[in-house]
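Tertiary structure, described
Listed here are the chains, written in short residue letters.
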Amino acid sequence: MNIPYLDLKKVTALHDEEIQQAVAKVVGSGWYLQGEAVQQFERHYADYIGTQYCIGVANGLDALTLTLRAYLALGKIHEGDEVLVPANTFIATVLSITENRLEPVFVDVEEDTLDISIESLEKAISKKCKALMLVHLYGRCTYNKKIEEICKENNLLLIEDNAQAHGCWYNRQRTGSLGHAACHSFYPGKNLGALGDGGAVTTDDEELAKTIHTIANYGFSEKYVAPLQGKNSRLDEIQAAVLDVKLKRLDENNEKRQTLARTYYTYINNDAIRLPRMMDEGNNVYHIFPIFSPLRDQLQAHLHEKGIHTLIHYPIPPHKQACYRIYNHLQLPVAERLAKEELSLPLNQTMGVEDVQYVIEALNSFQKF
Ligand SMILES: *Cc1c(COP(=O)(O)O)cnc(C)c1O
């Protein structure tokens, strides 16, 4: 048996004919940027998430970076201000902060829920903190009323990094509509993935939406008129057309992930393996299925021998990266331990229950040695 971590060829094949048609339509239209396909996808995605606006951009990192840059342009944040960020995130969240010459304040997380620790968050807040970037890591909704209260009390902008949680719910709202702005990545491996790079920002803030749109198009408010120094960060027509096809079956595909995840939760049984607390159905779209073990590397080798391919998200937390030497001295013990113990199991809509059962058997036969 061979179980790849993620077979993108199979993911695309689930939508094959429709994707071919959508791409052919764009190719034949002669219009490849800033056209109808992007406009249509932006409208559909805003409706899906439940926000007024959606701005397509080139990738998820740009979505994050442009959001902060627009807040700087609007005078809501100033150079040198602090931005709170969970210590267990993907490096792009942090890059968007430092790229804008803002100061990241890393906050440690909870071992059991992987959520940002409220106690550490409250300790970390100072007068210089202007925003909280909330990362729905692994597809788990990490928003709650307490976070909303803390943001209100401290006048913090709440920016969601929704790169891993397309389609996830918080009560009757989607993640991506919970804060002041939300950033999405359509990297091919994400739950809603393009056939290349893509990203978007969703928001109800008209001024923010306009400013991001302006900065993403050379700073032009209208053709060749530049009130701001901008850049070029666009979602292209072909990717938008592909995303529009895949959006229609995002919920169905997320439900498949949830069914398989339930099987993992029910049958994984090994003292050397810890699972994060299970969430209510709907609050987790299982972009990644993480398990934790102090014997992570042996466990990974054991699975590999049985043809099961796993990944690690992420082996080095951002504050321990060589590029962030000035933060290397910081101690965020839970995030650091999770990075040593995390292992991501194969889980996606192309897998069958027999694949998951095979992985479970391999996990349960792992012996501590
Ligand atoms: C993928 C990802 C990003 C970056 O998205 P790209 O489209 O690859 O630039 C940002 N944040 C998180 C949490 C991600 O998983």
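Residues numbered from 1 in each chain as written. Predicted model: local features only at pLDDT ≥ 70, side-chain atom pairs only at ≥ 80, totals over all residues. Heavy atoms only, no water.

Looking now at the site of the ligand. For the ligand, the full set of nearby residues is Asn-59, Gly-60, Leu-61, Leu-64, Phe-90, Ala-92, Val-135, Asp-161, Ala-163, Gln-164, Ser-185 and Lys-190. A distance of 2.9 Å separates an oxygen atom of the ligand from a polar atom in the backbone of Leu-61. Contacts to the ligand include Gln-164, whose side-chain N or O atom sits 2.8 Å from an oxygen atom. Isolated, the ligand exposes 380 Å² of accessible area, and the fraction of that covered by the protein chains is 91%. At three residues, the largest contribution of residues to the shell around the ligand is made by helix α4 (residues 60–73). A breakdown of the residues in the shell around the ligand according to their chemical character gives six nonpolar, four polar and two charged. (Near = heavy atom within 4 Å. Polar contact = N/O pair within 3.5 Å; in protein donor to acceptor, adjacent residues only side chain to side chain. Areas by Shrake-Rupley, 256 points an atom, 1.4 Å probe, with all protein chains shown as cover. Helix = DSSP H or I, 4+ residues; strand = E, 2+ residues; numbered from the N terminus. Nonpolar A, V, L, I, M, F, W, Y, C, P; charged D, E, K, R; others polar.)

With respect to the element layout, Thr-259 can be found in helix α10 (residues 250–267). For Thr-259, a relative accessible area of 41% puts it in the partly exposed group. Along the primary structure Thr-259 and Gln-349 are separated by 90 residues, whereas in three dimensions their C-alpha atoms are 9.6 Å apart. (Buried < 20%, exposed > 50% of the residue type's maximum accessible area, 1.4 Å probe, protein only.)

A few words on the nonpolar core. One finds Leu-68, Tyr-71, Ile-97, Phe-106, Met-133, Ile-159 and Ile-212 to be the most contacted residues of the largest nonpolar core, which totals 44 residues. Of all the elements, α4 adds the most residues to this core, at six residues. Residue-level mapping places this core at the junction of two domains, with at least three residues from each of domain 1 (8–107 + 115–247) and domain 2 (250–364). With near-sequence residues (within four places) excluded, Ile-212 lies in contact with Ile-55, Leu-66, Thr-67, Ala-70 and Val-201. Counting 25 residues, the second largest nonpolar core, distinct from the first, contains Ala-261, Ile-308, Val-356 and Leu-363. (Core = buried A, V, L, I, M, F, W, Y, C linked by side-chain atoms within 4.5 Å. Domains from an automatic or database assignment. Contact = heavy atoms within 4.5 Å.)

Our focus in this paragraph is the pattern of salt bridges. What the rule picks out here adds up to 18 salt bridges. A salt bridge links Lys-130 to Asp-81, with the shortest nitrogen-to-oxygen separation between them at 3.4 Å. Of this pair, Lys-130 sits in strand β4 (residues 129–135) while Asp-81 sits in the loop between α4 and β2 (82–86), and the two are 49 residues apart along the sequence. Take Lys-130: its relative accessible area is 24%, and that puts it in the partly exposed class. The class of Asp-81 is buried, set by a relative accessible area of 9%. The structure contains a network of salt bridges with shared partners spanning Glu-111, Arg-274, Arg-337 and Glu-341. (Salt bridge = Lys/Arg side-chain N within 4 Å of Asp/Glu carboxyl O.)

The next thing to look at is the domain arrangement of the protein chain. Many descriptions give the size of an interface as the accessible area lost when the pieces come together. Examined at the domain level, the protein chain breaks down into domain 1 (8–107 + 115–247) and domain 2 (250–364). Its C-alpha centre places domain 1 at a distance of 24 Å from the equivalent point of domain 2. Between domain 1 and domain 2, roughly 2,800 Å² of surface is buried when both sides are summed, and carbon and sulfur atoms account for 59% of that area. Three residues stand out in domain 1 for area buried against domain 2, namely Tyr-138, Arg-140 and Asn-191, and they jointly supply 28% of the buried area on that side. Our count for the domain 1 to domain 2 interface comes out at one salt bridge. A salt bridge links Arg-174 to Asp-251; its shortest N-O distance comes to 3.3 Å. (Buried area = accessible area lost by both parts, 1.4 Å probe.)

A few words now on the packing of aromatic side chains. Summed over the entire model, instances satisfying the criterion amount to 13 aromatic pairs. Plain terms: the ring middles of Tyr-218 and Phe-220 are 5.6 Å apart, the flat faces sit at 50° to each other, and that makes the pair tilted. For Tyr-218, a relative accessible area of 38% corresponds to the partly exposed category. Ring plane angle 55° and centroid distance 5.7 Å describe the contact between Tyr-324 and Tyr-327, whose orientation is recorded as tilted. With respect to class, Tyr-324 is no different from Tyr-327; both count as buried. An aromatic cluster is defined as three or more aromatic residues linked by ring pairs; in this entry it consists of Phe-41, Tyr-45, Tyr-48 and Phe-186. (Phe/Tyr/Trp six-rings, centres within 6.5 Å; stacked < 30°, edge-to-face > 60°.)

What follows covers unusual backbone geometry. Cis peptide bonds are those with omega within 30 degrees of zero, and the linkage from His-313 to Tyr-314 qualifies with 5°. With respect to the secondary-structure elements, Tyr-314 resides in the loop between α11 (296–305) and α12 (333–341). We note that Tyr-224 has phi near 65°; this positive angle belongs to a residue other than glycine. In this fold, Tyr-224 is placed in the loop between α8 (206–216) and α9 (237–247).

Across the sheet, which stays open at both edges, the seven strands sit in the order β1-β9-β8-β5-β4-β2-β3 with mixed pairing between neighbours. Of all strands in the sheet, those with a lone pairing partner are β1 (53–57) and β3 (103–107), marking the two edges. Taken pair by pair, the neighbouring strands of this sheet meet at an average axis angle of 20°, ignoring direction. Sheet topology note: the β1/strand β9 (residues 199–203) ladder contains five bridges and is antiparallel. Across the sheet, the residue bridging to Cys-54 is Thr-202, located in β9. Sheet strands touched by α4: β1, β4, β5 (157–161), β8 (181–185) and β9. Its angle to β8, the strand with the most contacts, is close to 155°. Docked against the sheet, α8 engages β1, β8 and β9, running at close to 15° with respect to β1. (Pairing = 2+ DSSP bridges. Axes fitted to C-alpha atoms, helices over the stretch in contact; angles between N-to-C directions.)

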